[in-house]
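The primary structure of each chain is shown beneath.
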Amino acid sequence: MLTQSDLSRAIILRYLLVLAVFGLTGIILFVIFFHTAFSNSLMTEREYHSKNLVTVATEVVDHLYQESIKTPSESKTHYQHQAIETLKSIAFEENGYYWISDKNGVMIMHPYTKDKVGEDLLNWQDKSGRYIFRDINDISKTGGGWLNYYWPKPNTDIPFEKISYVNQFKPWGWNIGTGIYLDDIKPEILRIVLQATGLITLFFFMFITALYFVANHLIKKLDNLAIKDDLTGLFSKRFLNEVAKIIELRAQRDFDRKLAVFFLDIDHFKHINDSFGHVQGDSVIKHVAHTISETCRQDALQIRYGGEEFLVIDFFSNENLVSLTAERIRKAIASLKHPFPDCPPITISIGVTLYKESETLKDTIQRADDMLYQAKENGRNCSIFEGIVVSNAEKN
C-alpha cells in the first residue's frame, strides 16, 4: 500500500523523468547546433589561415621577383627555381603544403604529387568531374578565391575532399595555392563537440541528481510536518489514515497475534484549559504524550488523535498483555508529577478493543471510542477492555 510519501516521490520521479527527457532533447539539439556552428567557425578560421598563408607565399615570390629585376644578370628562371624550392620546402599543420600551376593549367610545383608536375592539367577532372585547373584560372583572374575539389593526401593515391585558396602572381603567370583537407578537421570538430557534450551532460545529470536529493529532503521534511504532531512528536491522525490499510493487512496475516487499539482521553482536560490557560494545557498534553511513549513498546503506533485524545495501536500474543498494557499506561500517567504549580491530578480514561477480521481499522477505533465513553461513564481514571472494567482508581 503506497503512502502519501511514496506517491509524492513517484510524482517527483515522473517530473524528473520528463525534465530529463526534455534536457536530453535539449542536449541533442545543442549538439546539432554546436556541431554546425563550430564546424562553420573552424572552417572559417582555417580558410582565413589558408588565405594568409597564400598571401605570405605570394609575398615571398614577389620578393624574389623584385630581386630578379634588381639583378638582371641572373636569369628569371633562377629566381623562379628559388621560389619553387622555397615554397616546396614549407610544410605546415597536418597535410599542409603549397602548390603552383600556371595560367595554361601546367603543374609547376607540387611537393607530393610529383608525377603531375610539368603536365598540362587543363582538361584533367577530379573524382567529382570538376575541371580543377580551368576553375583555378577563372578564380585567379578575379583576384583570388576559394575552390572545392578532390585531391590525394600526401603519400597516398586516395582523393579526399579539399578546399583551397588560390591567388595569382601576375608577373610570372603563376597560380599559388594551399588548402585544407576537410577530413583532417573532422576529428578536431568531433573531439571538441564530444568534450562540450560530455561536460553539459555531466552537469545536467549532476543537476538532476542534486534536484532529486533536494526534493527528497523536502519531501521528508514535509512528511514530518504532515505525519508528526508538532506539540507532542507523536504521529498524526493523517499518518494513521495513510497506514491503516497496511495495519489491517498485517492483522489479517498474523493469526498468532492480536491487534489491540487503545483510545485514551485526558480526564477533565477542559477544566485545566479553562482554569490555567492553553499554554498550561499544552504542557499537560506534552507530559501525557511523553509518558505514553515511555510506557509503550517502541514498535507500538502512538498517535495524537486530536486535542486531548490519543491512540495506541499494537500487536499482542494474548489478551492478558493487552489489559496489563492499558493499566500500565493509566497508572504511569496517574503518577505524573504536576507539570506546573497548582496543577490538578492528571488522569486518563482508556477504551480498549481488539481488531476483528470482518471490520476495518476505522471500525475498531470506533469501538474503542465506545469503550472510552463507558470508561468516562464509569467515573474516569479507568480502563475498559471490550466492555469489561480492567481496573479503576479505587483498586490502586
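Residues numbered from 1 in each chain as written. Predicted model: local features only at pLDDT ≥ 70, side-chain atom pairs only at ≥ 80, totals over all residues. Heavy atoms only, no water.

Asks: What is the right way to read the nonpolar core from this model?
Replies: The nonpolar side chains of a soluble globular protein tend to be buried with one another. Among the nonpolar cores identified, the biggest contains 30 residues, and Phe-262, Leu-264, Ile-266, Val-284, Val-288, Ile-292 and Phe-310 are the most heavily contacted of them. It is helix H7 (residues 278-295) that contributes the most residues to this core, five residues altogether. Residues Phe-239, Leu-301, Leu-311 and Ala-368 belong to the second largest nonpolar core, which totals 20 residues. (Core = buried A, V, L, I, M, F, W, Y, C linked by side-chain atoms within 4.5 Å. Buried < 20%, exposed > 50% of the residue type's maximum accessible area, 1.4 Å probe, protein only. Helix = DSSP H or I, 4+ residues; strand = E, 2+ residues; numbered from the N terminus.)

Asks: How should I be thinking about a nonpolar patch on the surface in this particular structure?
Replies: Together, Leu-199, Leu-202, Phe-203 and Met-206 make up a nonpolar patch on the protein surface, roughly 420 Å² of accessible area in all. Following the sequence through the fold, Leu-199 ends up in helix H4 (residues 182-227). (Patch = residues over 30% accessible without salt bridge, like charges linked within 9 Å, V, L, I, M, F, W, Y side chains within 5 Å. Areas by Shrake-Rupley, 256 points an atom, 1.4 Å probe, with all protein chains shown as cover. Salt bridge = Lys/Arg side-chain N within 4 Å of Asp/Glu carboxyl O.)

Asks: For this particular structure, what's the right way to read the packing of H7 against helix H8 (residues 319-334)?
Replies: Helices that pack against each other are described as a pair by the angle of their axes relative to one another and the distance between those axes. Look at H7 against H8: their axes get within 10 Å of each other, and the N-to-C directions meet at 140 degrees. It follows from the interaxial angle that H7 and H8 lie oblique. Once H7 is placed against H8, the crossing between them reads as right-handed. Counting all contacts with H7, which are made through Val-288, Thr-291, Ile-292 and Thr-295, the residues of H8 involved are Arg-328, Ile-329, Ala-332 and Ile-333. (Axes fitted to C-alpha atoms, helices over the stretch in contact; angles between N-to-C directions. Parallel < 35°, antiparallel > 145°, perpendicular 65-115°, else oblique. Left-handed = near helix turned anticlockwise from the far one by under 90°. Contact = heavy atoms within 4.5 Å.)

Asks: Honestly, the sheet that holds strand E6 (residues 159-169) in this entry has me stumped. Any pointers?
Replies: Each strand in a sheet pairs with another by means of backbone hydrogen bonds, the pair being arranged parallel or else antiparallel. Spatially, the five strands line up as an open sheet ordered E4-E3-E7-E6-E5, and their pairing is antiparallel. Each edge of the sheet is formed by a strand with only one pairing partner; in this case those strands are strand E4 (107-109) and strand E5 (145-152). Put simply, the sheet's adjacent strands are angled 40 degrees from each other on average, direction ignored. Pairing of strand E3 (residues 99-102) with strand E7 (residues 174-181) involves four bridges; the strand directions are antiparallel. (Pairing = 2+ DSSP bridges.)

Asks: Explain the pairing of strand E11 (residues 348-354) here, please?
Replies: Note on strand geometry: in a regular strand, side chains alternate between the two faces of the sheet. E11 sits mainly inside the fold: seven of its seven residues count as buried. Covered by surrounding structure in E11 are Ile-348, Ile-350, Val-352 and Leu-354 together with Ser-349, Gly-351 and Thr-353, the residues of both alternating faces. Of the pairings in the sheet, the one linking strand E8 (residues 258-266) to E11 comprises seven bridges and is antiparallel in character. Residue pairing for E11: Phe-262 is matched across the bridge by Val-352. For E11 and strand E12 (residues 382-385), the ladder comprises three bridges, and the chain directions are parallel.

Asks: Even after reading the chapter, I still don't get helix H2 (residues 76-88), so can you show me in this structure?
Replies: Counting along an α-helix, one turn takes 3.6 residues, and residues three or four places apart therefore face a common direction. The terminal C-alpha atoms of H2, which comprises 13 residues, lie 18 Å apart, in line with the 18 Å expected from a rise of 1.5 Å per residue. Every buried residue of H2 is accounted for by Tyr-79, Gln-80, Ala-83, Ile-84 and Leu-87. An end-on view of H2 places all buried positions within 140 degrees of arc, on one side of the element. (Expected span 1.5 Å × (residues − 1). Arc of directions from axis to C-beta.)

Asks: How do you make sense of a negative patch on the surface when you look at a structure like this?
Replies: Where like charges cluster on the molecular surface, the negative patch consists of Asp-115, Glu-119, Asp-120 and Asp-157. Along the polypeptide, Asp-115 turns up in the loop between E4 and helix H3 (132-141). (Lys, Arg positive; Asp, Glu negative; His and termini not counted. Charge placed at Lys NZ, Arg CZ, Asp CG, Glu CD.)

Asks: Explain the packing of aromatic side chains to me, please; I cannot follow it from the model alone.
Replies: Given two aromatic rings, their pairing is described by the distance between the two centres and the angle made by the two planes. For the structure shown, the criterion picks out twelve aromatic pairs. Ring centres of Trp-124 and Trp-151 lie 5.3 Å apart, and the angle between their planes is 65 degrees; this geometry places the pair in the edge-to-face category. Taken together, the positions of Trp-124 in the loop between E4 and H3 and Trp-151 in strand E5 put the pair 27 residues apart, joining distant regions of the chain. An angle of 80 degrees between the planes, with centres 5.6 Å apart, marks the rings of Phe-169 and Trp-172 as edge-to-face. Taking relative accessible area as the criterion, Phe-169 reaches 4% and is therefore assigned buried. Members of the aromatic cluster, connected to one another through ring pairs, are Tyr-65, Phe-169, Trp-172 and Trp-174. The aromatic ring of Phe-160 is capped on one face by Lys-153, whose charged end is 4.5 Å from the ring centroid. (Phe/Tyr/Trp six-rings, centres within 6.5 Å; stacked < 30°, edge-to-face > 60°. Lys NZ or Arg CZ within 6 Å of the ring centre and 35° of its normal.)

Asks: What should I look at first to understand empty space enclosed by the protein in this one?
Replies: One water molecule sets the probe size; rolling that probe over the atoms shows where empty space is left. Tallied over the full model, the rule gives one cavity of 30 Å³ or more. The calculated volume of the largest cavity comes to roughly 60 Å³. If you trace the largest cavity, you find it lined by Tyr-97, Trp-99, Met-107, His-110, Ile-132, Phe-133, Ile-136, Tyr-149, Trp-151 and Lys-162. Considering every element that reaches the lining of the largest cavity, the biggest residue donor is H3, with three residues. For the lining of the largest cavity, the class distribution of residues is eight nonpolar, one polar and one charged. (1 Å grid on protein atoms, 1.4 Å probe; cavity = no way out; pocket = protein on both sides within 12 Å on 5 of 7 lines; lining within 4 Å. Points joined across faces, edges and corners; volume = space filled by probe spheres on them. Nonpolar A, V, L, I, M, F, W, Y, C, P; charged D, E, K, R; others polar.)

As far as function goes, none of this settles anything; it's purely spatial.
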